[in-house]
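# Summary of structural features
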Amino acid sequence: MLGHAAGPSHRDVRRCFDGSPMSDSKREQLEALLAPVVESHGLVLHGVEYVAGRSSALLRVYIDHFERHITIEDCEAVSRDVSATLDVNDPINGAYRLEISSPGFDRPLFRPEHWARFVGSEVKAETALPIDGRKRYRGVIAAVEDGKARIEAEGQAWTLPLAAIAKARLVPEYERAPATPAADPNKKKAKPSRGKAR
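An account of the accompanying structure is given in this report. (Residues numbered from 1 in each chain as written. Predicted model: local features only at pLDDT ≥ 70, side-chain atom pairs only at ≥ 80, totals over all residues. Heavy atoms only, no water.)

## Quick look at the nonpolar core
Formally: Among buried residues, the Ala, Val, Leu, Ile, Met, Phe, Trp, Tyr and Cys ones that are joined through side-chain atoms within 4.5 Å form a nonpolar core. Accessibility here uses a 1.4 Å probe with only protein chains present; expressed as a share of the type maximum, an area under 20% marks a residue as buried, one over 50% as exposed, and anything in between as partly exposed. What counts as a helix is a DSSP run of H or I of at least four residues, what counts as a strand is a run of E of at least two, and both are numbered from the N terminus. We call two residues contacting when some pair of their heavy atoms lies within 4.5 Å.
Core analysis: the largest hydrophobic core is formed by 21 residues, its most contacted members being Val61, Ile63, Val82, Leu86, Leu98 and Ile100. Elements that contribute at least two residues to this core include exactly helix H1 (24-39), strand E2 (44-51), strand E3 (57-64), helix H2 (72-89) and strand E4 (95-101). If one sorts the elements of this core by residue count, H1 sits on top with 5 residues. In contact with isoleucine 63, other than residues within four places in its own chain, are Val38, Leu43, Val44, His46, Ile70, Asp74, Cys75, Val78, Ile100, Ser101, Ser102 and Pro103. Counting residues in hydrophobic clusters, the runner-up holds 16 residues, among them Trp115, Phe118, Val123 and Ile151.

Written out as C-alpha cells, the structure is:
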C-alpha cells in the first residue's frame, strides 16, 4: 500500500465544520452517507478523519481496495462523487478541505475489524483519557476480543478498551527499530594489527 504522506490523494476546498472535534455519531453518519458512494467505484470506505485547523478544517476520507493499490485516478473519481454527495446532503457547517486518500503504510485503525485484521502488527495508539497514568502506547497487537485490544512491547502488556482509543495507526516498517543481533560467544575478537616501525 502506498504511504500516506507520498501516497495518492485529492483535495477539494469546501465549506463545512464549526471547528469542533468530530463526534462518533457524526463520523458514523458520514460513513453511512459516503460508503455507498465509494463502493460504487469498486472500492471500500476505510474511514473518515477530521483534523482541526486555525482557518479551516480537513475532512479526510480514506478509501481502500483489498487486492490492489489505490491510484490517483481512484482518488479523483471518488472525490467528484463525494463532493457532489456532500453538496446535496450538506451534513455539516463552516469551512473545510476535503481530501480523498489511501490509508498508506501507517494506516489508521478506526473499527474493531481493523484491529483484528492486523493482529501481529505494530501499532501506535493514544487514548482520549489517561489509563493507568498514560495515554500513549506502542507495541504489537497481540489479541482483539470483547471490544478490547491487547498490546505487548518489551515484556509489558496493556489491555485497552477500543472505545477509549482516540486514534491509532500502524507503525510502518521504515519506522521500526532494527533488531540488535545477539553476540556469538564462540566468535573470537580480532586483535588489532600493529604496523612495523620504520
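## Focus: H2
We count it as follows: Expected helix span is given by 1.5 Å per residue-to-residue step, counting one fewer step than there are residues.
An ideal rise of 1.5 Å per residue puts 26 Å on 18 residues; H2 measures up with 25 Å between its terminal C-alpha atoms. Looking one or two residues beyond H2, the residue adopting positive phi is aspartate 90, at roughly 45°.

## Some points on unusual backbone geometry
In this model, aspartate 132 sits at a positive phi of 55°, which is unusual for a non-glycine residue. Relative to the elements of secondary structure, aspartate 132 occurs in the loop between strand E5 (122-131) and strand E6 (134-145). At glutamate 154, a residue that is not glycine, the phi angle is positive and equals roughly 50°. Taking relative accessible area as the criterion, glutamate 154 reaches 82% and is therefore assigned exposed.

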